[in-house]
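What the coordinates show
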Amino acid sequence: AQTVTQSQPEMSVQEAETVTLSCTYDTSESDYYLFWYKQPPSRQMILVIRQEAYKQQNATENRFSVNFQKAAKSFSLKISDSQLGDAAMYFCAYNFKAAGNKLTFGGGTRVLVKP
Amino acid sequence: EAGVTQFPSHSVIEKGQTVTLRCDPISGHDNLYWYRRVMGKEIKFLLHFVKESKQDESGMPNNRFLAERTGGTYSTLKVQPAELEDSGVYFCASSQVLGIVTEQFFGPGTRLTVL
């Protein structure tokens, strides 16, 4: 069975600084996808960034970037130049086509941004 | 374009009662997913519709849960009779094409409290 683990229940970061969220996963699949979703307080979950396992290059979306280590099954998210609007729950997730694209989630990391 | 909507946003019911949750996916999205998060644990997959057909219902906890998607548009998730352990947040998500991995768009969730 596939599992996703987020070992940090909560992280705090000063505005304008950088924070890194960790995520590890376990799978026997070779073709899969990894995602980071953000859920702001009382708002909908939105996709922050995605990574295809077959791509060696780490995905980047503006201030968000990932460090994808396939052999280690690690997929961390780096938020640079943190802003107050980055405060949210962040969920790491995984899926693969043969499973109908259903997502397997980690337990989430709450990010607090201090002004 | 309207996003995924869910109704109600909150529901408080007594143990043994029935509750029906509704999800309206983004127009044109054939794939509809139900997930739930109970008491700060991981978000767990419940089931997946492709149009009106159940593609995968492996995550449904037991036969007290019944999901439908008549006409391939909106979906309902009925819990009958509700138990205390059913409390949590129920999320709905939709996506376009099955066969390639596409982004799932999430609704705001329905918070269900069973007393």
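All figures in this text were calculated on a predicted structure; none of them were measured in a lab. (Residues numbered from 1 in each chain as written. Chains lettered and ligands numbered in written order. Predicted model: local features only at pLDDT ≥ 70, side-chain atom pairs only at ≥ 80, totals over all residues. Heavy atoms only, no water.)

**As for the overall build of chain B**
Inclusion rule: Secondary structure elements follow DSSP: runs of H or I no shorter than four residues count as helices, runs of E no shorter than two count as strands, and numbering proceeds from the N terminus. The cut-offs for exposure are 20% and 50% of the maximum accessible area for each residue type, with area from a 1.4 Å probe on protein chains only; residues under the lower value are buried, those over the upper are exposed, and the others partly exposed. Contacts are residue-level and defined by heavy atoms, with any inter-residue pair within 4.5 Å sufficient. The method behind every accessible area is Shrake-Rupley, applied with a 1.4 Å probe, and residues are considered shielded solely by the protein chains displayed. Counted charges follow a simple rule, with Lys and Arg positive, Asp and Glu negative, and His plus the chain ends left uncounted. Every charge is mapped onto a representative atom, which is NZ of Lys, CZ of Arg, CG of Asp or CD of Glu.
Looking only at helices and strands, chain B features zero helices and 11 strands. Reading the secondary structure of chain B in the N-to-C direction produces β-β-β-β-β-β-β-β-β-β-β. Its C-alpha atoms give chain B principal-axis dimensions of about 40 × 25 × 25 Å. Put simply, chain B has 115 residues, and 48% of those count as buried. Long-range pairs, those at least 24 residues apart, make up 52% of the contacts in chain B between residues at least 6 apart in sequence. Accessible area for chain B stands at about 5,600 Å²; split by element, carbon and sulfur atoms hold 50% of it. Across chain B, 12 positive and 13 negative side-chain charges occur, with their mean positions spaced 4 Å apart.

**Some points on the nonpolar core**
The cut-off we apply is this: Definition of nonpolar core: a set of buried residues of the types Ala, Val, Leu, Ile, Met, Phe, Trp, Tyr and Cys, connected through side-chain atoms within 4.5 Å.
Formed by 27 residues in total, the largest nonpolar core has its most connected members in A:Tyr25, A:Tyr32, A:Trp36, A:Phe75, A:Leu77 and A:Tyr90. Secondary-structure elements contributing two or more residues to this core are β3 (19-21), β5 (33-39), β6 (46-52), β8 (64-69), β9 (74-79), β10 (88-95) and β12 (109-114) of chain A. Ranked by the residues each element gives to this core, the list is headed by β10(A), at four residues. Beyond its immediate sequence surroundings of up to four residues, A:Phe75 is in contact with A:Cys23, A:Tyr25, A:Leu34, A:Phe35, A:Trp36, A:Gln51, A:Val66, A:Asn67, A:Phe68 and A:Cys92. Of all hydrophobic cores here, the second largest spans 21 residues; its members include B:Val4, B:Val19, B:Leu47 and B:Phe65.

**What about the sheet that holds strand β7 (residues 65-68) of chain B?**
Residues and elements named next belong to chain B. So the rule is basically this: When DSSP finds two or more bridges between a pair of strands, those strands are recorded as paired. Each axis is a line fitted through C-alpha atoms, and for a helix only the stretch in contact is used; angles between axes span 0 to 180 degrees, taken between their N-to-C directions.
Pairing in this open sheet of four strands is antiparallel, and the strands run β1-β3-β8-β7 from one edge to the other. The open sheet terminates on both sides in strands that have one partner only, identified here as β1 (5-7) and β7. The sheet shows a mean angle of 15° between the axes of neighbouring strands, direction not considered. Note: strand β3 (residues 19-24) against strand β8 (residues 75-79), five bridges, orientation antiparallel. Bridge pairing in β8 places Cys23 opposite Ser75.

**With respect to the pattern of salt bridges**
Residues and elements named next belong to chain B. Threshold: What counts as a salt bridge is simple: a side-chain nitrogen of Lys or Arg found within 4 Å of a carboxyl oxygen of Asp or Glu.
Following the criterion strictly, the structure yields 11 salt bridges over all chains and no others. Among the ionic pairs, Arg22 bridges to Asp24, the shortest N-O distance being 2.7 Å. Measuring nitrogen to oxygen at the nearest pair gives 2.6 Å for the salt bridge that ties Asp86 to Arg64. Placement of Asp86 in the loop between β8 and β9 (88-95) and of Arg64 in the loop between β6 (53-56) and β7 is noted, with a sequence separation of 22 residues between them. Each member of the pair, Asp86 as well as Arg64, is classed as buried. Taken together, the salt bridges that share partners define one network made up of Arg36, Arg64, Glu85 and Asp86.

**A short note on the pairing of β8(A)**
Residue and element names in this part refer to chain A. One ladder, built from two bridges, connects strand β7 (residues 60-61) with β8; its direction is antiparallel. Each bridged residue has a counterpart across the sheet, and for Glu61 the counterpart in β8 is Phe64. Where β8 meets β9, six bridges bridge the pair, whose relative direction is antiparallel. Within β9, the residue paired with Asn67 across the bridge is Ser76. Two successive antiparallel strands, β8 and β9, enclose a turn made up of four residues, where Lys73 displays a positive phi of approximately 55°.

**Notes on the interface of chain B and chain A**
For clarity, the cut-off: Two N or O atoms count as a polar contact when they lie within 3.5 Å, although within protein this holds only if one can serve as hydrogen donor and the other as acceptor, and sequence-adjacent residues are included solely when both atoms are side-chain atoms.
Every contact between the two is made by 21 residues of chain B and, on the other side, 20 residues of chain A. Here chain B and chain A share one salt bridge between them. B:Asp56 is paired through a salt bridge with A:Lys102; the nearest N and O atoms lie 3.1 Å apart. If you look at where chain B meets chain A, you find eight residue pairs in polar contact (both at pLDDT 80 or more). Elements that contribute at least two residues to the side of chain B that touches chain A include exactly β4 (31-37) and β5 (43-50) of chain B.

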